[in-house]
Amino acid sequence: MTQITLYNTRTRQKEQFEPIDPNNVRMYVCGPTVYDRAHLGNARPVVVFDVLFRLLRHVYGPDHVTYVRNFTDVDDKIIARADESGRPIDTITAETTQWFLEDMGALGALEPSHMPRATAYIGQMIAMIEALVEKGHAYAAEGHVLFDVNSYAAYGRLSGRSVDDMIAGARVEVAPYKRDPMDFVLWKPSTPDQPGWDSPWGRGRPGWHIECSAMAHDLLGETFDIHGGGNDLTFPHHENEIAQSCCAHPGSDFARVWMHNEMLQVEGKKMSKSLGNFFTVHDLLAGHDGQPGIPGEVIRFVFLSTHYRKPMDWTAEKAREAESTLRKWRGLIAGAEPAPSPAPEVIAALADDLNTAGAIAVLHRLAAAGDAAGLKASAGLMGLLSDEMGAWTATGGADLAAFAEKLAALRAEAMQTKDFAQVDAFKAALTAAGVEVRMSKAGVELVPGAGFDPAKLEGLK
Ligand SMILES: [Zn+2]
């Protein structure tokens, strides 16, 4: 069996991955708060952990991996969005959840085994908070319940920071009802017009952190294998998840391996609305600000060309290169059946702490060697070159390379005869089929353009 090695944030080293139960490898990844379209940065963990999900399924079997990714559908940002827009919360969360699934589907992400919504787990959250109060790790004050950070000696161990550093680095909300400024909210009171549930501490709603602890416990048990998310969640969110879960279930480990992806930039800069480089996944897919849409497969390829623990720089140039590579590869695999299994070098690269860039280098070698079957099977393990993802190239089996060769031959002939009528007619027919014709001294290149229609090429063969 393939040995997977993963970098564990908790131990700060690469470790051999040994699942607790190889028959049920369990992974939790923090999901979105549903009040708006996912931006490009939100998509990175989805794609990164989708590759891990695929790898785990390949190694342990598709029926032996449980992947949970939640939807946070109760949150102050959602309440604020409902207030601004005058639309009901349920409508906003249902719509945004659907958008998220569509956009991530377009990036080739498989749906996780479970996608729990926080509001369906309020009972489990209340039970966990009660257990924390009972064990002396939490206290009620003015309608709130707070986690007592000083009751958990290992607090801060994941991020490796001292409590003083954490206070300095984070916006810690100082409130009169807190014993310590670091104590965080497990439950808070709701006004009559805010969403709320009855609890031993009055009508209220959960804090964000307790959601993940309660849903992970319910669906994966006290101790499971992998917990993932963006590295912006390490503190305080993941630190707080660990404190809650380990204190509610003494003797458990909660998650054994913690994995964090680095952040995403755009053209070398942090994505921000003020810099005008902020866009959603949907913007990119559909086209925005006069830019044409970018196929989901191209976005996925660009993401995977950078290792998940390095900052990912999204650039238009990378997208162009990825598009041209994928077009070539799709031309090569047209009509080919995938090999029975992915190339061992591709599996080895992915098993080495998800070295997706290394795996792509192997795909380039397979393509250069003309190994269509190996390329299709190996790219498939990474969620690339699948039939479902290929609609954007839709060459309909048309071999543009053959047409390019024919055009080049006609041109060579015309150079001799000085009669360019045939060249012009052929070029016109290609253009009419939506093919972009690029002729230079170096040769002829044909690229499917926006209105590409392979059916119109039929008569040209
Ligand atoms: Zn979480």
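Here the structure is a predicted model, which is why all the values come from computation and not from measurement. (Residues numbered from 1 in each chain as written. Predicted model: local features only at pLDDT ≥ 70, side-chain atom pairs only at ≥ 80, totals over all residues. Heavy atoms only, no water.)

Undergrad: Give me the packing of aromatic side chains: which residues, what numbers.
TA: Taken as a whole and assessed by the stated rule, the structure comprises 11 aromatic pairs. A ring pair is formed by Phe-301 and Trp-329, whose centres lie 5.7 Å apart and whose planes are at 70°; its orientation type is edge-to-face. Of this pair, Phe-301 sits in helix 9 (residues 296–304) while Trp-329 sits in helix 10 (residues 316–333), and the two are 28 residues apart along the sequence. With a relative accessible area of 6%, Phe-301 lands in the buried category. Residue classification places Trp-329 among the buried residues on the basis of a relative accessible area of 5%. The residue whose ring lies beneath Arg-37 is Trp-99, and the NZ or CZ to ring-centre distance is 4.1 Å. (Phe/Tyr/Trp six-rings, centres within 6.5 Å; stacked < 30°, edge-to-face > 60°. Helix = DSSP H or I, 4+ residues; strand = E, 2+ residues; numbered from the N terminus. Buried < 20%, exposed > 50% of the residue type's maximum accessible area, 1.4 Å probe, protein only. Lys NZ or Arg CZ within 6 Å of the ring centre and 35° of its normal.)

Undergrad: Got a sec to walk through the environment of Thr-2? Specific residues and values, please.
TA: If you trace the backbone, Thr-2 turns up in the segment before strand 1 (5–8). Separated by 447 residues in sequence, Thr-2 and Gly-449 have C-alpha atoms that sit 42 Å apart. Setting aside anything within four residues of it in sequence, one finds Thr-2 in contact with Val-59, Ile-347 and Ala-351. (Contact = heavy atoms within 4.5 Å.)

Undergrad: Describe the coordination of the zinc ion, naming the residues involved and giving the relevant values.
TA: Taken together, Cys-30 (SG), Cys-212 (SG), His-237 (NE2) and Glu-241 (OE) make up the full set of protein donors to the zinc ion, lying 2.0 to 2.3 Å away. Coordination at the zinc ion is irregular: its 4 donor atoms span angles of 78 to 131° at the metal. Mapping the donors of the zinc ion onto the primary sequence yields the spacing C-x181-C-x24-H-x3-E. With Cys-212 in helix 6 (residues 208–220) and His-237 in helix 7 (residues 234–248), the pair connects residues that are 25 residues apart, well separated along the chain. Using a relative accessible area of 1% as the deciding quantity, one classes Cys-212 as buried. (Donors = N, O, S within 2.8 Å, 3.2 Å for Na, K, Ca; no water. Tetrahedral: all angles 85-135°; square planar, octahedral: opposite > 155°, others 65-115°.)

Undergrad: How would you sum up the pairing of strand 6 (residues 144–147)? Please name residues and give values.
TA: The alternating pattern of strand 6 places His-144 and Leu-146 on one face and Val-145 and Phe-147 on the opposite face, and all of these are buried. A loop of 2 residues connects strand 5 (residues 138–141) with strand 6, the two strands running antiparallel in sequence, and Glu-142 in this loop sits at a positive phi of about 50°. Relative to strand 7 (residues 184–189), strand 6 is paired through 3 bridges, and the arrangement is antiparallel. Each residue of the ladder has a partner; that of Phe-147, found in strand 7, is Phe-184. (Pairing = 2+ DSSP bridges.)

Undergrad: I'd like to hear about the side chain of Asp-103, residue by residue, with values.
TA: Of note, Asp-103 is situated in helix 3 (residues 89–106). We classify Asp-103 as buried; its relative accessible area is 3%. In contact with Asp-103, not counting residues within four places along its chain, are Arg-37, Val-281, His-282 and Leu-285.

Undergrad: Describe the sheet that holds strand 10 (residues 254–261), naming the residues involved and giving the relevant values.
TA: Overall, parallel pairing links the 4 strands, which are arranged 4-3-9-10 in an open sheet. At either margin of the open sheet sits one strand with a lone partner, and together these are strand 4 (65–69) and strand 10. Across the sheet, the mean angle separating the axes of adjacent strands is 20° when strand polarity is ignored. Across 5 bridges, strand 3 (residues 25–29) lies against strand 4 in parallel orientation. Bridging across to strand 4, Tyr-28 finds its partner in Val-68. Packed onto the sheet, helix 6 meets strand 3, strand 4, strand 9 (223–230) and strand 10 and runs at close to 160° relative to strand 3. (Axes fitted to C-alpha atoms, helices over the stretch in contact; angles between N-to-C directions.)

Undergrad: How would you sum up the state of the cysteines? Please name residues and give values.
TA: Here the structure, examined in full by the defined rule, presents 0 disulfides. Cys-247 takes part in no disulfide bond, and the closest cysteine sulfur, belonging to Cys-246, lies 7.0 Å away. (Disulfide = S-S within 2.5 Å.)

Undergrad: Describe helix 9, naming the residues involved and giving the relevant values.
TA: With 9 of 9 residues buried, helix 9 lies mostly within the body of the structure. Listed as buried for helix 9 are Gly-296, Glu-297, Val-298, Ile-299, Arg-300, Phe-301, Val-302, Phe-303 and Leu-304.

Undergrad: I'd like to hear about the pairing of strand 3, residue by residue, with values.
TA: Of all 5 residues that make up strand 3, 5 are buried, and the element is covered over most of its length. By the alternation rule, side chains of strand 3 split into Val-25, Met-27 and Val-29 and Arg-26 and Tyr-28, which are all buried. At this point the chain moves from strand 3, through helix 1 (residues 40–60), to the parallel strand 4, and the crossover so formed is right-handed. (Right-handed = clockwise from strand over helix to strand, strands pointing away.)

Undergrad: I'd love a proper account of the pattern of salt bridges, names of residues and values included.
TA: With the rule as written, the count across this model stands at 19 salt bridges. The salt bridge involving Asp-103 is made with Arg-37; its shortest N-O contact spans 3.2 Å. Within this pair, whereas Asp-103 is found in helix 3, its partner Arg-37 is found in the loop between strand 3 and helix 1, the two being separated by 66 residues in sequence. With a closest N to O distance of 2.8 Å, Glu-317 and Arg-320 form a salt bridge. Of this pair, Glu-317 and Arg-320 both sit in helix 10, 3 residues apart, which is roughly one turn of that helix. (Salt bridge = Lys/Arg side-chain N within 4 Å of Asp/Glu carboxyl O.)

Undergrad: How would you explain the nonpolar core if you had to name every residue and give the values?
TA: Ranked by internal contacts, the top residues of the largest apolar core, which has 73 residues, are Leu-40, Leu-56 and Trp-314. Beyond its immediate stretch of four places on either side in the chain, Trp-314 contacts Leu-40, Gln-265, Val-266, Glu-267, Phe-279, Leu-284, Ile-294, Ile-299, Val-302, Phe-303 and Ala-319. Of all hydrophobic cores here, the second largest spans 43 residues; its members include Leu-132, Ala-154, Ile-210 and Phe-235. (Core = buried A, V, L, I, M, F, W, Y, C linked by side-chain atoms within 4.5 Å.)

Undergrad: Describe the environment of Gly-459, listing the residues and the values that go with them.
TA: Mapped onto the secondary structure, Gly-459 falls in the segment after strand 15 (443–448). On a C-alpha basis, the gap between Gly-459 and Ala-429 in space is 9.5 Å, while along the polypeptide they are 30 residues apart.

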